[in-house]
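Take a look at the letters that make up each chain.
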Amino acid sequence: MNARKKAATPRAAAKKRLGPAHVILLVITIVLGLVAATMTTLAVRRATEVNAVHSEAVQTRQEANDFYATHWCNLIAPTMRERIARHYKEYLRATPEQRSAVDATCPGNVATASVIAQFKIFKNIEFSDYSCSPTADSTAFACTIDVAIVNEDLIKRLPEFSSFDMTITIYFKKDEGTPYLSPDFTTTETVTMTFDAQGRGTAEFQTKYQSSWGANYALSISEYYPNV
């Protein structure tokens with residue numbers, strides 16, 4: 001007599017497939033999934049933190065460059081004329097980022113400093129003529145000056161500036177000696193001048209004077225400052 005086998009029900013089959021080994025593999029899979037998800041989350045968080053630190057560092061460097069630019073720009077002024085050439089050398093030695101910040105903050109000051117640093121008065125700016133005389137009441141000395149820029153490279157830079165402040169020193173000597181070499185009295189005046197395309201300019205000014213100083217005098221250009 002043939003024995004008949006009873007067909008396994010789906011539930012029984014399922015129970016058969018989920019043995020101990022399968023359960024362990026399932027748990028391992030779940031754990032690995034959780035670990036992978038955690039690692040992904042940590043990686044994203046780490047990337048976010050790195051980006052935040054990088055952005056903060058970039059901002060800090062920019063703020064430092066801006067501070068440098070503001071400080072440097074404030075050093076370029078007529079009252080600090082004697083140190084401007086030195087400040088321009090410092091600008092040239094600065095980092096590219098610092099120079100870019102300065103260029104963006106005060107391009108006019110950079111132009112002024114570069115001209116002062118590169119073009120000394122001697123052999124670059126000179127009188128083509130001048131004449132002075134006491135006023136009618138002898139309380140002032142009135143002068144007319146003609147100034148010429150004789151350096152072609154400096155003449156090419158003239159369009160960058162609206163005018164030049166020229167510091168004129170007047171030397172007086174009571175006897176017949178050379179006023180410039182051994183003056184008895186000196187005065188100083190700052191005259192604002194404009195120059196034509198050929199580098200020529202004319203100006204008039206008055207300076208303090210006493211009749212006892214006499215009329216033996218000489219003039220020199222002691223400083224200049226380009227105005228943007």
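Just above, that's the structure.
Since the structure is predicted, the reported quantities are computational estimates derived from the model, not experimental observations. (Residues numbered from 1 in each chain as written. Predicted model: local features only at pLDDT ≥ 70, side-chain atom pairs only at ≥ 80, totals over all residues. Heavy atoms only, no water.)

K.L.:
A description of the sheet that holds strand 1 (residues 125-134) should follow, citing residues and the corresponding values.
P.N.:
Pairing between the strands of a sheet is mediated by backbone hydrogen bonds and can be parallel or antiparallel. Spatially, the three strands line up as an open sheet ordered 1-2-5, and their pairing is antiparallel. Edge positions in the sheet fall to strand 1 and strand 5 (200-208), since each has one partner strand and no second. Pairs of neighbouring strands in the sheet enclose a mean axial angle of 20°, with direction left out of account. Taken together, the nine bridges between strand 2 (residues 140-149) and strand 5 define a ladder with antiparallel strand orientation. Each bridged residue has a counterpart across the sheet, and for C143 the counterpart in strand 5 is F205. (Pairing = 2+ DSSP bridges. Helix = DSSP H or I, 4+ residues; strand = E, 2+ residues; numbered from the N terminus. Axes fitted to C-alpha atoms, helices over the stretch in contact; angles between N-to-C directions.)

K.L.:
How would you summarise a positive patch on the surface if you had to cite specific residues and measurements?
P.N.:
A cluster of basic side chains, namely R83, R86, K89, R93 and K120, defines a positive patch on the protein surface. Within the secondary structure, R83 sits in the loop between helix 2 (20-74) and helix 3 (84-93). For R83, a relative accessible area of 47% translates into the label partly exposed. (Patch = residues over 30% accessible without salt bridge, like charges linked within 9 Å, V, L, I, M, F, W, Y side chains within 5 Å. Areas by Shrake-Rupley, 256 points an atom, 1.4 Å probe, with all protein chains shown as cover. Salt bridge = Lys/Arg side-chain N within 4 Å of Asp/Glu carboxyl O. Lys, Arg positive; Asp, Glu negative; His and termini not counted. Charge placed at Lys NZ, Arg CZ, Asp CG, Glu CD. Buried < 20%, exposed > 50% of the residue type's maximum accessible area, 1.4 Å probe, protein only.)

K.L.:
Pulling in residues and values, what's your account of the environment of G201?
P.N.:
In this structure, G201 sits in strand 5. Overall, G201 belongs to the buried group, its relative accessible area being 7%. For the pair G201 and I145, spaced 56 residues apart in sequence, the C-alpha separation works out to 8.3 Å. When neighbours within four sequence positions are excluded, G201 is seen to be in contact with I145, D146, V147, M193, T194 and F195. (Contact = heavy atoms within 4.5 Å.)

K.L.:
With reference to specific residues and values, describe the state of the cysteines.
P.N.:
Enumeration over the complete set of coordinates arrives at two disulfides. Residue C73 pairs covalently with C106 via a disulfide, S to S 1.9 Å. A torsion of -80° about the S-S bond marks the disulfide between C73 and C106 as left-handed. Residue C73 is located in helix 2, and its partner C106 is located in the loop between helix 4 (96-105) and helix 5 (107-118); the two are separated by 33 residues in the primary sequence. As far as burial versus exposure is concerned, C73 and C106 are alike and both buried. The disulfide that involves C132 links it to C143, with 2.0 Å between the sulfurs. (Disulfide = S-S within 2.5 Å.)

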